[in-house]
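Residue strings, one per chain:
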Amino acid sequence: MKKHTRLKKRHSKLEAKYRKLLMQQNCEEVNTSSGETQSDDLAEEEEKEEAVNEEEEPQSPDSDIEEEIDWAALEESAEEYDSESDKNDEESDEANEIRFEEGTPVHEEPKFIVFFTNLLALFSLFCFKCKKSEPRVTMKKRGTLVIVNQHCSKCGDYCYEWRSQPNTLGGKHAAGNVLLSFAILLAGASISKVLLVFRHMGLSAYSTRTFFAHQRNFLFPVIISHWETYQAGLIEQLKDMGHLI
């Protein structure tokens, strides 16, 4: 009897659980069906709105046709730009005109980069001594200095010599070489980097040994002498101001 009552209780519990599960399944089915209907309604409403918007926006018949370009206006603007650029070039030519006064120190003179072919074209025109045409031209380099020699059949070899730089320090050293070393030292630049730039550009230059020789023989003594002179002047000024203290 006890076993029978226990089985009845278990059976009743299982039936209750089964009913709960059925109720949950029915609720989920109802929710999904309602969600599907809502999503369908939203999709229909969106389609209706898109159709209304398409009807409200009129399509322009010329939308696919490219606008015509006013070539005449473009030509006029180009002509105006050319005239303005010509005026600017004329003004810049006047502003960039080189003016050199006599007696200007060597380090203040303007300096330029000249190509080999331009020098060759200039010095092969005629002999600068006898004016005979097409002399033979040879060139030698000494650091940043170039020496051009003309060889004329009438005047002979080495009839005319031209140097691209004046000499300094007693006429023994090219001014450009010494000034380059001086500029590198004052700028705090690396001689190896500067020479690398020159090498990439194809500029003629001296070696690092020449740079350090310039430092040792010319630049450092001049800088030390200038500093000693400046220091002595400051000391004299302080002596004169001694009675004010």
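Residues numbered from 1 in each chain as written. Predicted model: local features only at pLDDT ≥ 70, side-chain atom pairs only at ≥ 80, totals over all residues. Heavy atoms only, no water.

*Asks:* So, the layout of surface pockets: which residues are in play, and what are the values?
*Replies:* To find leftover empty space, a probe the size of one water molecule is rolled over the atoms. By volume, the largest pocket amounts to about 1,200 Å³. Lining the largest pocket are 35 residues, and of these F112, I113, V114, T144 and Q165 lie nearest its centre. Contributions of two or more residues to the lining of the largest pocket are made by α3 (116-123), β1 (136-142), β2 (145-152), β3 (156-163), α4 (175-187) and α5 (191-201). Along the lines of polarity and charge, the residues of the lining of the largest pocket split into 22 nonpolar, 8 polar and 5 charged. (1 Å grid on protein atoms, 1.4 Å probe; cavity = no way out; pocket = protein on both sides within 12 Å on 5 of 7 lines; lining within 4 Å. Points joined across faces, edges and corners; volume = space filled by probe spheres on them. Helix = DSSP H or I, 4+ residues; strand = E, 2+ residues; numbered from the N terminus. Nonpolar A, V, L, I, M, F, W, Y, C, P; charged D, E, K, R; others polar.)

*Asks:* Residue-level account of the pairing of β1, with values.
*Replies:* For β1 and β2, the ladder comprises 7 bridges, and the chain directions are antiparallel. Bridge pairing in β2 links V137 to Q150. Where β1 folds back onto β2 in an antiparallel hairpin, the turn is made up of 2 residues, including G143, whose phi is positive at roughly 70°. (Pairing = 2+ DSSP bridges.)

*Asks:* Provide a residue-level description of the UniProt feature "transmembrane region" (unreviewed entry) in the protein chain, including the pertinent values.
*Replies:* With numbering matched to this structure, UniProt assigns "transmembrane region" (unreviewed entry) to residues 178-198. In the segment residues 178-198, helix accounts for 86% and strand for 0%; the C-alpha atoms at its two ends are 16 Å apart. (UniProt positions renumbered as here; feature names shortened; annotations may be inferred.)

*Asks:* Describe in detail the sheet that holds β2, supporting the description with residues and values.
*Replies:* If you trace the 3 strands from one edge of the open sheet to the other, you get β1-β2-β3, paired in antiparallel fashion. Both outer strands of the open sheet, β1 and β3, are each paired with one neighbouring strand and no more. Sheet twist, expressed as the mean angle between neighbouring strand axes with direction ignored, is 25°. Running at roughly 140° to β1, α3 makes contact with β1, β2 and β3 of the sheet. (Axes fitted to C-alpha atoms, helices over the stretch in contact; angles between N-to-C directions. Contact = heavy atoms within 4.5 Å.)

*Asks:* If you had to explain helix α6 (residues 208-240) to someone new, which residues and values would you point to?
*Replies:* The end-to-end C-alpha separation of α6 is 46 Å, in line with the 48 Å expected for 33 residues at 1.5 Å each. The largest bend in α6 is about 45°, located at Q215. Along α6, the positions that sit buried rather than exposed are F211, A213, H214, Q215 and L219. On its buried face, α6 sits against α4 and α5. (Expected span 1.5 Å × (residues − 1). Bend = angle between axes of the 7 residues up to and from the residue. Buried < 20%, exposed > 50% of the residue type's maximum accessible area, 1.4 Å probe, protein only.)

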